Amino acid sequence: MTDKDAGKDGEDPTADFLAEVRPEETPWRTERPPGEEAPERAERPEKWGRAKSAGRAAAKAAPYVQAAALATWIVSGTLDDSADSGDSGFDLGSSGDA
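First, a word on scope: everything that follows refers to the structure included in this document. (Residues numbered from 1 in each chain as written. Predicted model: local features only at pLDDT ≥ 70, side-chain atom pairs only at ≥ 80, totals over all residues. Heavy atoms only, no water.)

### Things to note about the overall build of the protein
Each helix and strand in the protein was counted, giving 3 helices and 0 strands. Moving toward the C terminus, one meets the helices and strands of the protein in the order α-α-α. Residue burial in the protein is summarised as follows: out of 98 residues, 1% are buried. Within the structure as shown, the protein displays about 10,000 Å² of accessible surface, and the carbon and sulfur contribution to it stands at 55%. (Helix = DSSP H or I, 4+ residues; strand = E, 2+ residues; numbered from the N terminus. Buried < 20%, exposed > 50% of the residue type's maximum accessible area, 1.4 Å probe, protein only. Areas by Shrake-Rupley, 256 points an atom, 1.4 Å probe, with all protein chains shown as cover.)

Okay, here's the thing in structure tokens:
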């Protein structure tokens, strides 16, 4: 539909549809009049203090945990490869006289 089509009827169905589905302006998103001070934030007790601090600690430790997991995976793969080949680099049972 073009602007020429909308001009013939005098109606724009898209604008009508958008006007119907557009939500009303919420009062907490409207701007304050100039000069009016912002309302003070209500104080609320901190009931999630321990959980938040544990979450922060876990977030800070995450890269180290990932690095440790990667290192463990690499080392375990290396040990598995040397165990499969039968050559562990140690000769515990031989006396050197073959």
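### A word on a nonpolar patch on the surface
On the surface, Phe-17, Leu-18 and Val-21 cluster together into a nonpolar patch covering about 270 Å² of accessible area. Looking at the secondary structure, you find Leu-18 in helix 2 (residues 13–21). (Patch = residues over 30% accessible without salt bridge, like charges linked within 9 Å, V, L, I, M, F, W, Y side chains within 5 Å. Salt bridge = Lys/Arg side-chain N within 4 Å of Asp/Glu carboxyl O.)

### Here's the deal with a negative patch on the surface
Residues Glu-11, Asp-12, Asp-16 and Glu-20 make up a contiguous surface patch of negative charge. As for its position among the elements, Glu-20 is in helix 2. Glu-20 sits in the exposed class, given a relative accessible area of 66%. (Lys, Arg positive; Asp, Glu negative; His and termini not counted. Charge placed at Lys NZ, Arg CZ, Asp CG, Glu CD.)

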